[in-house]
Amino acid sequence: MPPPAVPPPAVPPPAVPPPQEPSTGLLLFLPYRHLENRVFAALAAAGFDDITLAQGRIFQRIGPDGTRLTDLAELAQVTKQTAGFLVDQLERTGYVRRTPDPTDARARLVRVAERGHAALPVAQAVVMQVEAEWRAHLGPRRLRQLRQTLTALREITHSCP
């Protein structure tokens, strides 16, 4: 009679690495992405469903008196060619227009156009709503501290006003 079968030794399950805390960068990004998603959902619901995330990141950097394409590219951290492509798309859909720069006859400014002005209040209302939610969740003091901390970080991470 053969010896009884010996079960193979139990193989321990693979070690699961301990959960890692998300980086500070990710913690900064997640609330922003949530805000951005809410803005784009509201824009789409209001009929502004033809603007992309990339276009929006250019659009939101246009100053009240217009901004040169090279400055938009730098602020959005994209190439001038990419910024030009995105501005072309925004111009075709009526969100922006190009006008001569009064300070330099060779340059042009990208300005918010009629459709862009119509979309701005929709986006601004969502930003205000989300910030109110954050204030309710964190409390006014903690939100103020968060804003002060982020403003201090901005001094070493971002060159625009």
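Residues numbered from 1 in each chain as written. Predicted model: local features only at pLDDT ≥ 70, side-chain atom pairs only at ≥ 80, totals over all residues. Heavy atoms only, no water.

Enquirer: Mind showing me how you'd approach the overall build of the chain here?
Expert: Secondary structure assignment for the chain yields 6 helices and 3 strands. Within the span of the chain, comprising 161 residues, buried residues form 26% of the whole. Of the accessible surface of the chain, which amounts to about 11,600 Å², a share of 61% is contributed by carbon and sulfur atoms. (Helix = DSSP H or I, 4+ residues; strand = E, 2+ residues; numbered from the N terminus. Buried < 20%, exposed > 50% of the residue type's maximum accessible area, 1.4 Å probe, protein only. Areas by Shrake-Rupley, 256 points an atom, 1.4 Å probe, with all protein chains shown as cover.)

Enquirer: Would you explain the sheet that holds strand β3 (residues 104-112) in this entry?
Expert: Taken in spatial order, the 3 strands of this open sheet run β1-β3-β2, and their pairing is antiparallel. The open sheet has two edge strands with one neighbour each: β1 (67-68) and β2 (96-101). Note: β1 against β3, 2 bridges, orientation antiparallel. What sits directly across from T67, in β3, is V110. (Pairing = 2+ DSSP bridges.)

Enquirer: Looking at this structure, how should I read unusual backbone geometry?
Expert: Of all residues except glycine, most have a negative phi; of all peptide bonds, most are trans. A positive phi angle, near 55°, is found at Q77, a position not held by glycine. Within the fold, Q77 resides in the loop between α3 (69-76) and α4 (80-92). By relative accessible area, which is 69% here, Q77 ends up exposed.

Enquirer: For this particular structure, what's the right way to read the pattern of salt bridges?
Expert: Side chains carrying opposite charge are able to pair once their charged atoms draw close together. Under the counting rule described, the total for this entry stands at 10 salt bridges. Residue R98 pairs with D88 through a salt bridge whose shortest N-O separation is 2.9 Å. Taken as a pair, R98 in strand β2 and D88 in helix α4 lie far apart in primary sequence, 10 residues in all. Between R98 and E91 there is a salt bridge, with the nearest N and O atoms lying 2.7 Å from each other. Through salt bridges with shared partners, a single network forms among R68, D101, D104 and R106. (Salt bridge = Lys/Arg side-chain N within 4 Å of Asp/Glu carboxyl O.)

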